[in-house]
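# Secondary and tertiary structure notes
Below are the chains, spelled out letter by letter.
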Amino acid sequence: MVKITLGIEGMACGMCEAHINEAVRNAFQVKKVTSSHTKKQTVIIAEKDILEQELKDTVAKAGYSVISVDSEPYEKKELFSAFRR
């Protein structure tokens, strides 16, 4: 799994966040997507990597700009995993 963090320019409210989340969900198979207009970012959790240009195009069609893209491996945190040895 992969965690992709997008820096987004142009979000101003919760409706903007929902608009981007819906655009990403409709364009790609993702496990989770969350946006924050205060942090100016969208975080996507997906099974496999998504091409950077496709993400930029999808966000641009929704009316926003991607200013940065960061991708890293993602490992789901299990409940009580901190207590295991």
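A quick note: this is a predicted structure, and the numbers were derived from the prediction, not measured.

### Focus on unusual backbone geometry
Glycine aside, residues mostly have negative phi angles, and peptide bonds mostly take the trans form. The phi torsion at Lys 40 lies on the positive side, around 55°, for a residue other than glycine. Structurally, Lys 40 is set in the loop between strand 2 (32-36) and strand 3 (41-46).

### Describing helix 2 (residues 52-61)
When helix 2 is considered as a whole, its buried residues turn out to be Leu 55, Thr 58 and Val 59. Taken end-on, helix 2 shows its buried residues confined to a sector of 95°, consistent with a single buried face. On the buried face of helix 2, the contacting elements are strand 1 (2-9), helix 1 (14-27), strand 3 and strand 4 (65-73). At the C-terminal side of helix 2, Gly 63 shows a positive phi close to 100°.

### As for the nonpolar core
The biggest cluster of nonpolar side chains holds 18 residues, and the ones touching the most others in it are Ile 4, Leu 6, Ile 8, Ile 44, Ile 50, Leu 55 and Tyr 64. Mapped onto this core, the elements with two or more residues apiece are strand 1, helix 1, strand 3 and helix 2. For this core, the element with the most residues is strand 1, which contributes four residues.

### Remarks on the side chain of Thr 58
Positionally, Thr 58 belongs in helix 2. In this structure Thr 58 comes out as buried when scored by relative accessible area, which is 14%.

Conventions adopted
Residues numbered from 1 in each chain as written. Predicted model: local features only at pLDDT ≥ 70, side-chain atom pairs only at ≥ 80, totals over all residues. Heavy atoms only, no water. Helix = DSSP H or I, 4+ residues; strand = E, 2+ residues; numbered from the N terminus. Buried < 20%, exposed > 50% of the residue type's maximum accessible area, 1.4 Å probe, protein only. Arc of directions from axis to C-beta. Contact = heavy atoms within 4.5 Å. Core = buried A, V, L, I, M, F, W, Y, C linked by side-chain atoms within 4.5 Å.

Function cannot be inferred from these measures alone, as they are strictly geometric.
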